[in-house]
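The lines below spell out each chain.
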Amino acid sequence: GGSLTEEGNSWSAFVRPVKNPQLSDYIIALTSITQEDVDTKGVLLAAAMTGFASFIGDLPVFSYGEDALILKENCELIDTSYPLADTQFADIRPRIHSALGELGIDPAPYTSGTLIQAFGAPPGARAHDAVNDMRNLLEVLREIQKR
């Protein structure tokens, strides 16, 4: 059971880059991921994709943007198979933006990790952390559902 606005479980992995193994200062500042994180805890993209595919099974995947295209592109760059069905991913950003527009909220100043601020709430623990960003979006969906 459960509704669409209920978190059941989460999954996360650090991916060790192959083409550009050194993280840029920009990425470190943006994500709070350190070089040590990817060097010591990181897995190759193939292992991360296999783990993610196993975690989601045949469930749909929702993203705030074209994440599926980015994942596919990265898999192609290093000749790694993409284990998800093309129909599994759905970009919910257009739907969220439409619902926010109906509420008179401009989403432009926000990211997936800070969008909850449009409803007067503080952002989650760390913007640009995938699990945190999705939790923020879950809170946004709850707020939209209330209204």
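Residues numbered from 1 in each chain as written. Predicted model: local features only at pLDDT ≥ 70, side-chain atom pairs only at ≥ 80, totals over all residues. Heavy atoms only, no water.

(A) The packing of aromatic side chains, seen in detail. Here the structure, examined in full by the defined rule, presents one aromatic pair. Across from the ring centre of Y64, 5.3 Å away, lies the NZ or CZ of R93, which sits over that ring. (Phe/Tyr/Trp six-rings, centres within 6.5 Å; stacked < 30°, edge-to-face > 60°. Lys NZ or Arg CZ within 6 Å of the ring centre and 35° of its normal.)

(B) Representation of the environment of S10 within the structure. Turning to its location among the elements, S10 is positioned in the segment before α1 (25-31). Sequence separation between S10 and V131 is 121 residues, and the spatial gap between their C-alpha atoms is 7.0 Å. Those residues in contact with S10, other than ones at most four positions away along the chain, are F55, V131 and R135. (Helix = DSSP H or I, 4+ residues; strand = E, 2+ residues; numbered from the N terminus. Contact = heavy atoms within 4.5 Å.)

(C) Highlighting helix α5 (residues 93-102). If you check which residues of α5 are buried, you get I96, A99 and L100. Down the axis of α5, the buried set is contained in an arc of 100°. They therefore lie on one face. For α5, exposure combined with an orientation more than 90 degrees from the buried face picks out P94 and E102. Those residues of α5 that are buried lie in contact with α6 (130-146). (Buried < 20%, exposed > 50% of the residue type's maximum accessible area, 1.4 Å probe, protein only. Arc of directions from axis to C-beta.)

(D) Representation of unusual backbone geometry within the structure. A positive phi angle, close to 65°, is found at S32, a residue other than glycine. If you trace the backbone, S32 turns up in the loop between α1 and α2 (35-41). Among the residues examined, S32 registers a relative accessible area of 39% and is labelled partly exposed. Residue D79 is not a glycine yet carries a positive backbone phi of 55°. Counting through the fold element by element, D79 comes out in the loop between α4 (67-77) and β2 (89-91). By relative accessible area, which is 74% here, D79 ends up exposed.

(E) Summary view of the environment of T31. Along the chain, T31 falls in helix α1. You can call T31 buried: its relative accessible area is 11%. Placed 96 residues apart in sequence, T31 and A127 show a C-alpha to C-alpha distance of 7.3 Å. Among the polar contacts listed, one links the side chain of T31 to the backbone oxygen of I27, at a separation of 2.7 Å. A polar contact is formed between the side chain of T31 and the backbone nitrogen of I33, at a distance of 3.1 Å. (Polar contact = N/O pair within 3.5 Å; in protein donor to acceptor, adjacent residues only side chain to side chain.)

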